[in-house]
Amino acid sequence: MDPHRTYEGMSLRDVYLSHCKVLSVKPNSVILKELSTDVDAQPDAMSIDVSKNYLGNRGVLAFLEVLNLTKSLQSLNISNNGIMNDTIVSLCRCMLHHPNLKSINLKNNPISLVSAVALLDLVRRNPSVSTVNIDGTLIEDRAKLRLAKTIERNARLAKRVTKDETPFQKIEKEYSERRRQHENRSILHDPMENNGEDIMMLLRSSIPRPPQRSSSGWVVLNVFISSTSSDFKTELRSIHENIIPSLNKMLTHIKVHLHPVSVYYNENSKLEEPNHSVSTHLSERLWLIDICSPVFTALLGDRHGPVPGYIPPSHETSPCLVDVRNKEALPIAILEAQYGGLCNPSSASLYFVRQGSRCLNPPQGIIEALSDDYSYINTDPEGKYSLANPVNEQANDPNETPDVKKTRWEMWKDLKKTILGEPGPMVLRKYKSRFTKVTPEGDIMLADQEEFNEAYKTRLLAVVTYLYNDAINEGQQEISVKKWKEHPQYEQETTQYIYGVSPLLGRKNAISKLELYVVSPASRNILLLRGPRGCGMSSVMAIFIQRCVKKESSTLVHFVVGHAGLSTECCDLRTLLLSLCRNMTGQDLPLHIQNEVNIRIIKEYFRSVLGETASSLKDGHLLVIAIDGLDKLVPTITPPADVLMTNTGRNILEAEEQSLSASKKDGLDWIPMCLPKNVRLLVSCSNESPYVAWLMARGQDSCEDVTVSSPGTADVEHVIAEKLAAAKVTLNKVLIDDILAKPDIRCPLYTKLIVDKIIQRWERGYPSAPRPFVQSLPDTVDSLVENMLDYAEECAGKELVRDTLCFLALMTEGLLLMQLREILANKGKTVSYLSGKKLAALMHGIRPFLVDIIGQPPWNGTAIKLQISSSVVKDALLARYAPTEEGKMAFYAKITTYMYRQSELEDHPLTADSLRTYPCAMIKARQWSSIVSSIFSVRTVRRSFYHHVGYVFFREMLHAATALWEASDGGTTGVGVYAPDEVKGWLHKMKEYIHFVHANLSSLSSRPLLSIQQALQCPDESNVYIEARKHFELHPNESHFICTNKKALKLHKGLVSSSVFSKNGLRVLSSASRSFTLSNVIGDVIHQIVLNSPIIRAMVSATSRYVLVVLGDKTMSLYDAVTGTSVSKLSGHTGRIRCVDMSCRSRYVLSGSDDGTLKIWNTETGKCVADLAHNMFCASSSAFTAVSSCTGHPSDESLLLSAVDRVALMWKRQGSGYELIHRLTAHTTCPVKSVRYLQNGELIMTCVRKPAAGAGGEAGPTTTPLQDTAIKVFNATTGELKTRVHGTDHSGIVSLAVCPNEMLLGAALEDGSVVYWETRYDTVDLYPVKTIKAYKESALLVAFCILQETRVEPEDSNVPPEHTNYLAVTIGDSDMLNAYYTSDWSPAAEYVFHTKVQTLDCTTMPTSDGAEIAVGDSAGRVYLLKSNR
């Protein structure tokens, strides 16, 4: 049947009748009753019973197309109809897509194991089938039992109670259909405008510096959009909703993401309005421009925006503001344009000037929306209206004189003249538009924006093209993710962290002790720096690190715990130790250590690396290990034993070794008791930490204690003066004395906050701090924090400040600025950004509570992370805004919702960070149902390992299981509204996922895309397997393999030497050590025979009647494949048997040996009928005389081939002996490895492992020698060379295979590549059609199998089926199987084995839809794999 045929205008009844006519079949009356004549009608439920009304094979085939067009079949009874295997296979393929199918009756039909395999596949992939009657058939009892067990399992699964979908399940369903189908295309494909080259030239003249890529390989470019007022609402909406999203899709493949920052765009945000207009606070607007460097865009029109009251002291000396007169009167448009681009030569600045927007008849509301001032509207002689106002209505001060307005207007015209006349590094574009309407809020909307949209998109695209031209020119190759320690940004940010910390409060005493400790001979091996919380220990440690780096006599290894700018993953003990090991060795850690989760092994590895590093230092050199904030380590998760215990009683993580419990004598057992003499260990932690007690318990000879003391008054005064001077703020001596009189002034945190409070007032426009203001400042840290929170709420609104600070306080690692904007403004599915106006107000109010941003512009947006600076501040924030546990859980729930949505995005810079973050928030929010459905899923496991956060995700799995175990008292009680039985089922599912991830950590890390494929290796009853199967059912286009004998893998004790299918594809023969096994294709063992001698290899005869076994005692045994009894024993060789084969009718056995003879044996009698010596055919006396290969003719038992040394021999039986017909000097440099017949014996192919380069005979009249190729093809009749096969000269051949139709040839090579040829033997030289570099190490095996066949109609035609597609299967790197479609060489599926693979074979005749593969490994397992396509 034609799969591409359409049936427009035909009812199901018409379709059935047409196919009956084609197949010459009488229409069945039972089927006709079920089918309607209505073209649009679809039957609700069909039940077909033709057990008493003969249908036959062709009748079923005619009905198949109807089954393909409808999905309403509920039951089918075709018993007593003489249905054959091929018909059942086709019928099962159709019934896969009938979700309501319940019953199938195939009773008393002559079907066998082929149909059993198809039915088993049907019930596995369509679990709705509950009854299959196969009584009275030829199907084996083992297959019937397997089918019954599968149906029983489906029935148990159907009884499981399905709860209502959680919000996260709904989100997952929403994103389940989204596939990664991004086209790899250059971003330069969009047509640039005529002045595109001018744009690039101007950008080159400005030399903008691009931000460095983050550890994930992504770059987030913050794009600041300056506009004079809200008149540009139309342009801003177009930029945010159309231009930026479209560009982000185009830039995905080079991992660049644009993030817009605009002051006036917040259409969908419903946040509380601040009490004070942020437009007058220029410092925060300029700060936004800084974090968006180097991309600055400005939208300029005829209105120049509001006027700030003054210039902030911190920006008085900015180059753009030095020579400008009347600073107090400058509009913000001028200041932003000057600061963002005109005076910043390293900025990529884009200016867009909207020329007068006009209309003949102004729409209703436009004039009313503007000021009454006549200067706002100009009317030209033609009656057209245009905007021409010198000031914005928001800044219209009635006390301003006309002279002041005129001055501002003149400045505005000067600025525009500068931009228009001298663009310099800027990219300028003029555009026009027209009025349409005015919104109720007074926003003027414009039309005809196509010109602006194209101009903005083209120019911003040009900026990205220039900044990341190298990535674009890589030809769409995937951006390589550098290790964080090797990344330039790591060094830059680390240096900024170290050198950016001032000597807070002058801790000279503590710093001197640290320096003395690493210089003089120390009697104690550990130095503990401790003090109260908020005393500034991190500053002291940072100053010491800064000085230690400069010393040539010391090697410094340091780690900062919990710092948002320096931590890329969860800071637990494992992360700490691996980071120190990585820095000590200066190279990547071994893969098995990177994927190790057992903390005991990590500790042992750290101690060994420490000892090796110390012993490798020069005399007089020291290894200094500095750990800042040891008490901030995330506690090690210790799950309950029941979760970690396997079925064999083994604890997978050895949890008793992980606990950092105070009950242990030493909680720091990873530190050697006796450190080497040239090692110094410095750690800092607070007085309240248990680490203090553990360190001091090591004894006075082991640990020296240094306490950070309170600073003196002079130190405090020096720091205050230094910070105020840096902010351009001056205070007299009286005010300084008032500040020093505060009770908590000697607390570093209080000092920092009170200075920030004064600077905030200064930036607000109050140039002086009166004494009453200073005296009114709170006296304690807690009260000062409360006072500054009140001020922040006044600036940005209570709700906004509360949500922001709670989010930051609850997230240990902080939040990215772009994450925070989206969390605060995200409403439903539509993503809207918090406007720059509100963001600036928010940052102005809360910046004193945050850690300073690390580094200098240009910043990568993924590096701008916000984090609460002090645990004291964090506690105060939570006590004010979320004092109860329920309050904290509410904030965690908000974070979880956003993070989960973000983690579902396929290609986004925040995906990895969200995957790392949302599980922890979800666990703390106690959203148990969502935890089980979202965290414990095969799809999420794959995504986490794909984004390189697999270990963090696994840690959160342990965290979730532990939390639920404790909340439910070990699963004995309910949790919330959930019953104990449901909680117990959740714990069981968690345990299965934890064991699955732990058992596959290495393969999941190296091949994350195969995570769901590996889940299919789990037991059929496990939740992991069930969800993996459901995933592939929802995504049928994802190719994968299914192991059909999962419960019977272990067939042998030793290495598998053979695993081959019989010719009919119904039996699998495997051998190993001293036994061989014959089983069916569903894994049931039919015969298993143990021998006294080791087995070298085994094979099945072409007729599937005999099993030939080659033994290590130089003999062979022949067995009956049906009964398993011994037929004969073949002995006579004096050397090791190298090659064997059987004739096409299984009457003779061929065997070649090291003794130089080829023997032909009679299978019935076991007698040797011919003994052919090969010694005389060797090229020299020193040549290897073993017969390396032998094979029989595919159709003539009198012909055979053999190979010895470099010669291939063709023999023919003459009477009682054999006569040599052809002696083919196949190769001139290497012995022949294999020889075989092609094209039904008309051609002969020979192969060597690897020929010597340049060897061979003469090439015609020239003297240049011919290169001896590894594969050659000869004419079997004449013995002449027909074809030389090229493409393997650079590497040796490991395995060679020929496609069943002999139209393709494949070879696995030693360099890890697999080469394919189309076998056109009419050419002298044959070159590859496809070369796939599939493996890092050697490719091991290659094979072909039929994947799809097209049968002609009617069925009884003499024309054989046409095979239209094949599967090329390869194995390499010892444990990796890859399959490719030969039609277009696209990847079909992959499979990972846990042990080294030894053998590979594929069926040459399919028994169902998909290929079947047999693989044997080194542990005695035999895998029977079936592809889904």
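Data block above holds the structure.
Residues numbered from 1 in each chain as written. Predicted model: local features only at pLDDT ≥ 70, side-chain atom pairs only at ≥ 80, totals over all residues. Heavy atoms only, no water.

(A) Spotlight on the overall build of the protein. When its secondary structure is counted, the protein shows 42 helices and 53 strands. The proportion of buried residues among the 1429 residues of the protein is 58%. About 58,900 Å² of surface is accessible on the protein, with carbon and sulfur atoms providing 50% of the total. (Helix = DSSP H or I, 4+ residues; strand = E, 2+ residues; numbered from the N terminus. Buried < 20%, exposed > 50% of the residue type's maximum accessible area, 1.4 Å probe, protein only. Areas by Shrake-Rupley, 256 points an atom, 1.4 Å probe, with all protein chains shown as cover.)

(B) Highlighting the packing of aromatic side chains. All told, the structure shown has 20 aromatic pairs when counted by the stated rule. Their ring planes at 10 degrees and their centres at 5.9 Å tell us that Phe224 and Phe296 sit as a pair that is stacked. Pair noted here: Phe224 is in strand E5 (residues 219–227) and Phe296 is in strand E7 (residues 295–300), with a separation of 72 residues, a long-range link. Residues Phe352 and Tyr456 carry aromatic rings whose centres are separated by 5.1 Å and whose planes lie at 35 degrees to one another, so their mutual orientation is tilted. Within this pair, whereas Phe352 is found in strand E8 (residues 348–354), its partner Tyr456 is found in helix H15 (residues 450–467), the two being separated by 104 residues in sequence. Under the relative-accessibility criterion, Tyr456 is labelled buried at 0%. Counting every residue linked through ring pairs, the aromatic cluster contains Phe1041, Tyr1391, Phe1393 and Tyr1423. Directly above the aromatic system of Tyr951 lies the positively charged group of Arg574, at a separation of 3.6 Å from the ring centroid. (Phe/Tyr/Trp six-rings, centres within 6.5 Å; stacked < 30°, edge-to-face > 60°. Lys NZ or Arg CZ within 6 Å of the ring centre and 35° of its normal.)

(C) Main features of the pattern of salt bridges. Counted according to the given criterion, the structure contains 26 salt bridges. Linking Lys1046 and Asp1020 is a salt bridge whose minimum nitrogen-to-oxygen distance equals 2.8 Å. One end of the pair, Lys1046, is in the loop between strand E21 (1041–1043) and strand E22 (1056–1061); the other, Asp1020, is in the loop between helix H41 (1011–1015) and helix H42 (1023–1034), with 26 residues separating them in the sequence. For Lys1046, a relative accessible area of 15% puts it in the buried group. Asp1154 is the salt-bridge partner of Arg1138, the closest N and O atoms lying 2.6 Å from each other. Taken together, the residues span a long stretch of sequence, with Arg1138 in strand E30 (residues 1137–1142) and Asp1154 in the loop between strand E31 (1148–1153) and strand E32 (1157–1162) at a distance of 16 residues. (Salt bridge = Lys/Arg side-chain N within 4 Å of Asp/Glu carboxyl O.)

(D) Just helix H5 (residues 113–125), in detail. Spanning 13 residues, H5 covers 18 Å between terminal C-alpha atoms, matching the ideal 18 Å at 1.5 Å per step. The buried fraction of H5 is high, at twelve of 13 residues. All buried positions along H5 are accounted for by Leu113, Val114, Ser115, Ala116, Val117, Ala118, Leu119, Leu120, Asp121, Leu122, Val123 and Arg124. (Expected span 1.5 Å × (residues − 1).)

(E) How the structure looks around the side chain of Ser1075. Structurally, Ser1075 is set in strand E24 (residues 1075–1080). Ser1075 sits in the buried class, given a relative accessible area of 11%. Sequence-distant contacts of Ser1075, that is, excluding residues within four places in its chain, are made with His1052, Ser1070, Ile1089, Val1090 and Ile1095. (Contact = heavy atoms within 4.5 Å.)

(F) Fine view of the pairing of strand E2 (residues 73–77). In the sheet, strand E1 (residues 46–49) pairs with E2 via four bridges, with the strands oriented parallel. Across the sheet, Ile48 pairs through a bridge with Leu76, a residue of E2. In this view, the connection linking E1 to its parallel neighbour E2 by way of helix H3 (residues 56–69) has right-handed handedness. Pairing between E2 and strand E3 (residues 103–105): three bridges, direction parallel. What sits directly across from Leu76, in E3, is Ile104. (Pairing = 2+ DSSP bridges. Right-handed = clockwise from strand over helix to strand, strands pointing away.)

(G) Broad picture of the packing of H3 against helix H4 (residues 85–95). Two elements in contact, H3 and H4, have axes separated by 10 Å at closest approach and are oriented at 15 degrees. One element, H3, and the other, H4, form an angle in the roughly parallel class. H4 is crossed by H3, and the crossing has left-handed handedness. Along its contact with H3, which presents Asn57, Val60, Leu64, Leu67 and Asn68, the element H4 presents Thr87, Ser90, Leu91 and Cys94. Here the residues of the contact of H3 with H4 are counted per class, giving five nonpolar, four polar and no charged. (Axes fitted to C-alpha atoms, helices over the stretch in contact; angles between N-to-C directions. Parallel < 35°, antiparallel > 145°, perpendicular 65-115°, else oblique. Left-handed = near helix turned anticlockwise from the far one by under 90°. Nonpolar A, V, L, I, M, F, W, Y, C, P; charged D, E, K, R; others polar.)

(H) Spotlight on the packing of helix H1 (residues 12–22) against H3. Packing of H1 against H3 leaves a shortest axis separation of 7 Å and a crossing angle of 150 degrees. When the axis of H1 is compared with that of H3, the two are roughly antiparallel. By crossing handedness, the relation of H1 to H3 is classed as right-handed. For the pair formed by H1 and H3, the contact residues are Leu12, Val15, Tyr16, His19 and Cys20 on the first element and Ala62, Phe63, Glu65, Val66 and Leu69 on the second. Residues of the contact of H1 with H3, tallied by class, amount to eight nonpolar, one polar and one charged.

(I) Geometry of the sheet that holds strand E27 (residues 1106–1111). Across the sheet, which stays open at both edges, the four strands sit in the order E26-E27-E28-E29 with antiparallel pairing between neighbours. Sheet topology places strand E26 (1095–1100) and strand E29 (1126–1131) at the edges, where each strand pairs with a single neighbour. Averaged over all neighbouring strand pairs, the angle between strand axes comes to 15 degrees, with direction disregarded. The sheet contact formed by E26 and E27 spans five bridges and is antiparallel. Across the sheet, residue Ile1095 finds its bridge partner in E27, namely Leu1111.

(J) Quick peek at empty space enclosed by the protein. Tallied over the entire structure, the rule returns ten cavities of 30 Å³ or more. Within this model, the second largest cavity holds a volume of roughly 110 Å³. Secondary structure elements with two or more residues in the lining of the second largest cavity: H5, strand E52 (1412–1417) and strand E53 (1422–1427). Looking at the lining of the second largest cavity, the element that brings in the most residues is H5, giving four residues. Along the lines of polarity and charge, the residues of the lining of the second largest cavity split into nine nonpolar, one polar and four charged. (1 Å grid on protein atoms, 1.4 Å probe; cavity = no way out; pocket = protein on both sides within 12 Å on 5 of 7 lines; lining within 4 Å. Points joined across faces, edges and corners; volume = space filled by probe spheres on them.)

(K) The arrangement of the sheet that holds E32 in detail. Read across the open sheet, the four strands follow the order E30-E31-E32-E33; overall the sheet is antiparallel. Edge strands, defined here as strands with exactly one partner in the open sheet, are E30 and strand E33 (1168–1173). Geometrically, the sheet is characterised by an average inter-axis angle of 15 degrees between neighbouring strands, direction not taken into account. Note that E32 and E33 share five bridges and pair antiparallel.

(L) Highlighting the pairing of strand E37 (residues 1217–1225). As paired elements, strand E36 (residues 1207–1214) and E37 share eight bridges and run antiparallel to each other. The partner of Trp1211 across the bridge, within E37, is Leu1220. Adjacent in sequence and paired antiparallel, E36 and E37 are bridged by two residues, among which Gly1215 carries a positive phi angle near 65 degrees.

(M) Structural view of the environment of Gly814. One can find Gly814 in the loop between helix H30 (798–810) and strand E19 (815–816). The class for Gly814 is buried, based on a relative accessible area of 8%. Expressed as a C-alpha distance, the spacing of Gly814 and Leu850, which sit 36 residues apart in the sequence, is 9.8 Å.

(N) A look at the environment of Asp756. If you trace the backbone, Asp756 turns up in helix H27 (residues 748–763). In this structure, the C-alpha to C-alpha distance between Asp756 and Lys723, residues 33 residues apart in sequence, is 8.9 Å. In this structure Asp756 touches Met788 and Pro848, once residues within four positions along its chain are discounted.

(O) Examining helix H38 (residues 950–967) more closely. Compared with the 26 Å implied by 1.5 Å per residue over 18 residues, the 26 Å span of H38 between its first and last C-alpha is a close match. One or two residues past the end of H38 sits Asp969, with phi positive at roughly 55 degrees.

(P) Fine view of the environment of Lys632. Positionally, Lys632 belongs in the loop between strand E16 (622–628) and helix H23 (641–644). Placed 71 residues apart in sequence, Lys632 and Val561 show a C-alpha to C-alpha distance of 6.2 Å. Contact partners of Lys632, with chain neighbours within four places excluded, come to Ser538, Val561 and Cys571.

(Q) Geometry of unusual backbone geometry. Although it is not a glycine, Arg926 sits at a positive phi angle of roughly 60 degrees. Take Arg926: it is sitting in the loop between helix H35 (911–924) and helix H36 (928–935). Backbone geometry places Asp969, a non-glycine residue, at a positive phi of 55 degrees. In this fold, Asp969 is placed in the loop between H38 and helix H39 (980–999).

(R) The arrangement of the side chain of Asp1120 in detail. Position of Asp1120 relative to the elements: it lies in strand E28 (residues 1115–1120). One buried charged side chain, Asp1120, makes no salt bridge at all; its nearest oppositely charged neighbour is Arg1105, positioned 4.8 Å away. A polar contact is formed between the side chain of Asp1120 and the backbone nitrogen of Thr1123, at a distance of 3.2 Å. (Lys, Arg positive; Asp, Glu negative; His and termini not counted. Polar contact = N/O pair within 3.5 Å; in protein donor to acceptor, adjacent residues only side chain to side chain.)

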